[in-house]
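Examination of the molecular architecture
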Protein chains: 4
Amino acid sequence: MEDLIDKLRTFSKDRDWDQFHSPKNLIMALSSEVGELSDIFQWMSEEQSKLNNIDPKSYELAKEELADIFLYLLRLSDKLGIDLREESEKKLKLNGEKYPVNLSKGNSVKYNRRDE
Amino acid sequence: MEDLIDKLRTFSKDRDWDQFHSPKNLIMALSSEVGELSDIFQWMSEEQSKLNNIDPKSYELAKEELADIFLYLLRLSDKLGIDLREESEKKLKLNGEKYPVNLSKGNSVKYNRRDE
Amino acid sequence: MEDLIDKLRTFSKDRDWDQFHSPKNLIMALSSEVGELSDIFQWMSEEQSKLNNIDPKSYELAKEELADIFLYLLRLSDKLGIDLREESEKKLKLNGEKYPVNLSKGNSVKYNRRDE
Amino acid sequence: MEDLIDKLRTFSKDRDWDQFHSPKNLIMALSSEVGELSDIFQWMSEEQSKLNNIDPKSYELAKEELADIFLYLLRLSDKLGIDLREESEKKLKLNGEKYPVNLSKGNSVKYNRRDE
C-alpha cells in the first residue's frame, strides 16, 4: 500500500491538487464514489449482485468504483496520518470481542451498530 | 492485504455471516460507514478537519471509521473476486491520462466527473 | 412544506446554528442521515424491507431517519433558494420523456443513469 | 406532497417498475443521488457553496439532484407507509427538547449524534 500512497502524493503534487484535499473534502469525494457504486447495484437482487451472476458491464464498472474508493481512502488516511492496516487489525480484534462466535452465529441483528 | 482478507473470511465463516454478505448488502454497509465518517466531519471547517487541527475525540472516531470502511471494502472486493491493488494501479494510470499535468494544474473543476 | 421550512429557520436562528449550515455542510449531514438509513436496512432481504414484513424496531428507526433526511433536505433547499416542489415537478416531467412507457416497461436497466 | 406521491405511483405503475421499488432498493437509489450531490460540492469551499457564490452550472445540477432526492424520498415513504410531514413535525419537536436553546447556542458539537 505504501507505494500506492506515494504515487497518490506525487499525482496530487504534480497537479497542485493538495489545496483541494482537506480531509473534509476527501470524505465528500469518498461519499460520491460509494454513491456511484450504489448506483450500479441498486436495482439488482442480492443474487444478481454475486460474482457468478453479475452482468459483465456492471462488473467492469464495479472494478473502477472499488479502485476509486480505495484510492480516496488511501489518500484520506495519508492526509490524516492514519495507518489503515494497523487500525484495521485493531478494529477486527475489537469486533471479535464484540461479536463472540457463540452469540453471533447466523445472527445478523447482532452485527448492527444500533444494538451495540 | 491478503492476510486481512483471510482473517475476514474466517471471521464471517465462524459466525455464519456469509449468508448476509452479498455484494449488494456489503455496499449498503459501506455506505453506512462512510455516512458515519461524514457525521464526524460535517460541522468542521476544512481547516478544522486537518491533521494538525482536528480535535482528539474526532480523530479517534475517524480511525475506527476508516478501519471499518477498509474492512468492508476488502470484504466486498473478495466477494466480487476483484484485486483491489491491481485495479487501483490501473485506475491511477487512467487518471493520469485523463488529467494531464499541464491541463489540470490547480484546477479542481477538471477533476470533476461531470466534466469528463 | 413552507411551515416546516419556517420552523427550521427559527430553530437554527434560536441556536445560532446558521454559521454551520453552509450547503456543503448540510450535504454532509444529509449523507450521514442516509448512511444511518442504510445501516438499518443493510442486512435485510428486499422482502424483509417491505411494509408488511419489516420488524417493528427497524420501522420506528426508519421513521426517524426519513424525518431527519427530509428536514435536512428542506434546510438545504432553503439555503440554496431552491423550490423543492417546483424542481421535482420539472424533474418528473423530464423523467417521463427520458423513460417512455413503451421502452421502459419492466426494464430496470433503462432506469440506470449510466445507460442514459 | 400528496399529488407528487400520486404521480410517482402512476409513473412506476405505467413502467411496471414497482417490482424494483423495494424499500431496500430505494434506499440505495437515495444513497446514489446524495452521492451525486456530494460530487458537485466536494471541491468547493463552504463559501463557494453558498447561494450568492455558487457557480451557475453547479447550481443547475444541484437543483436536479435535490429534486431526485426528494422524489426518491417520497417514493420510499410511500412504500413504507410513512407520513413524512407528520414524522418530521415529531422529530423537530424532539430535537427541540434534545438541543435546548440555552445549552446549544452556537455549539455545533452538541448537534452531534455521537454526543447524545
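Residues numbered from 1 in each chain as written. Chains lettered and ligands numbered in written order. Predicted model: local features only at pLDDT ≥ 70, side-chain atom pairs only at ≥ 80, totals over all residues. Heavy atoms only, no water.

1. Details of the domain arrangement of chain A
On domain assignment, one finds that chain A holds domain 1 (2-82) and domain 2 (84-116). Here the C-alpha centre of domain 2 of chain A lies 24 Å away from the C-alpha centre of domain 1 of chain A. (Domains from an automatic or database assignment.)

2. Some remarks on the packing of aromatic side chains
This structure, assessed with the given rule, holds 14 aromatic pairs over all chains. Aromatic pair C:Trp17 and D:Tyr99: ring centres 5.5 Å apart, planes at 70°, arrangement edge-to-face. Taken together, the residues C:Trp17 in the loop between α1 (2-15) and α2 (23-41) and D:Tyr99 in the loop between α4 (84-98) and α5 (101-104) connect one chain to another. Both residues of the pair, C:Trp17 and D:Tyr99, count as buried. Residues C:Phe70 and D:Phe70 carry aromatic rings whose centres are separated by 5.9 Å and whose planes lie at 5° to one another, so their mutual orientation is stacked. (Phe/Tyr/Trp six-rings, centres within 6.5 Å; stacked < 30°, edge-to-face > 60°. Helix = DSSP H or I, 4+ residues; strand = E, 2+ residues; numbered from the N terminus. Buried < 20%, exposed > 50% of the residue type's maximum accessible area, 1.4 Å probe, protein only.)

3. Let's talk about the interface of chain A and chain B
Note on interface size: it is often stated as the accessible area lost on association of the parts. Each side of the interface is counted separately: chain A has 71 residues, and chain B has 71 residues. When chain A packs against chain B, close to 6400 Å² is buried across both sides, 66% of that on carbon and sulfur atoms. Between chain A and chain B we count 29 residue pairs in polar contact (both at pLDDT 80 or more) in total. When residues of the side of chain A that touches chain B are assigned to their parent elements, the largest contribution, 15 residues, is made by helix α3 (residues 56-79) of chain A. (Contact = heavy atoms within 4.5 Å. Buried area = accessible area lost by both parts, 1.4 Å probe. Polar contact = N/O pair within 3.5 Å; in protein donor to acceptor, adjacent residues only side chain to side chain.)

4. Looking at the pattern of salt bridges
If you walk through the whole model with that rule in mind, you get 41 salt bridges over all chains. With a closest N to O distance of 2.7 Å, A:Asp78 and A:Arg9 form a salt bridge. Of this pair, A:Asp78 sits in helix α3 while A:Arg9 sits in helix α1 (residues 2-15), placing them 69 residues apart in sequence. According to the relative accessible area criterion, A:Arg9 is partly exposed, its value standing at 42%. In this structure, C:Glu47 engages C:Lys50 in a salt bridge whose closest nitrogen and oxygen atoms are separated by 2.9 Å. Given a relative accessible area of 46%, C:Glu47 falls into the partly exposed group. Where salt bridges share partners, they join A:Asp6, A:Arg9 and A:Asp78 into one cluster. (Salt bridge = Lys/Arg side-chain N within 4 Å of Asp/Glu carboxyl O.)

5. What about the relation of the copies chain C and chain D?
For the pair chain C and chain D, the superposition axis carries a translation of 0.0 Å, the fit reaches an RMSD of 0.0 Å, and the rotation angle comes to 180°. Classification of the inter-copy transformation places it as that of a two-fold axis. Mapped onto chain D, 99% of the interface residues of chain C again fall at the interface, so both copies present the same surface. (Least-squares fit on C-alpha atoms with pLDDT ≥ 70 in both.)

6. Quick look at the relation of the copies chain A and chain B
Overlaying chain A on chain B yields an RMSD of 0.0 Å, the required transformation being a rotation through 180° with an accompanying axial translation of 0.0 Å. Comparing interface residues between copies, 100% of those in chain A also sit at the interface in chain B, which points to an isologous, same-surface contact.

7. Observations concerning the environment of D:Glu87
Among the secondary structure elements, D:Glu87 is positioned in helix α4. Relative accessible area serves as the criterion here: at 10%, D:Glu87 is assigned to the buried category. D:Glu87 has contacts with C:Lys63, C:Ala67 and D:Ile82, leaving out every residue within four places of it along the chain.

8. Details of the interface of chain C and chain D
Taken together, the contact between chain C and chain D spans 71 residues of the former and 70 residues of the latter. Both sides together, the interface formed by chain C and chain D hides about 6400 Å², and carbon and sulfur atoms give 66% of it. For the pair chain C and chain D, the interface holds six salt bridges. Salt-bridge contacts for C:Lys7 lead to D:Glu89; the nearest nitrogen and oxygen are separated by 2.7 Å. Applying the counting criterion to the chain C and chain D interface returns 29 residue pairs in polar contact (both at pLDDT 80 or more).

9. Describing the environment of B:Gln19
The residue B:Gln19 is located in the loop between α1 (2-15) and α2 (23-41) in this model. Among the polar contacts listed, one links the side chain of B:Gln19 to the backbone oxygen of B:Asp16, at a separation of 2.8 Å.

10. Quick notes on the confidence of the model for chain A
All names here are of chain A. For chain A, per-residue confidence averages 93 on the pLDDT scale, and 92% of positions sit at 70 or higher. Per-residue pLDDT stays below 50 along residues 110-116; that stretch engages in 24 contacts with residues further than four places along the chain or on separate chains. This complex was scored by the predictor with a pTM of 0.94 and an ipTM of 0.92. (pLDDT = per-residue confidence, 0-100.)

11. Considerations on helix α4 (residues 84-98) of chain A
Its 15 residues give α4(A) an end-to-end C-alpha distance of 20 Å, which sits within 8% of 21 Å, the value for a rise of 1.5 Å per residue. Along α4(A), the residues classified as buried are A:Leu84, A:Glu87, A:Ser88, A:Lys91, A:Leu92 and A:Asn95. All buried residues of α4(A) fall inside an arc of 140° around its axis, so they share one side. Exposed residues lying more than 90 degrees from the buried face of α4(A) are A:Lys93 and A:Glu97. Elements in contact with the buried residues of α4(A): α3 of chain A together with α1 and α3 (56-79) of chain B. Capping of α4(A) at its N-terminal end is provided by A:Asp83; its side-chain oxygen lies 3.1 Å from the backbone amide nitrogen of A:Arg85. (Expected span 1.5 Å × (residues − 1). Arc of directions from axis to C-beta.)

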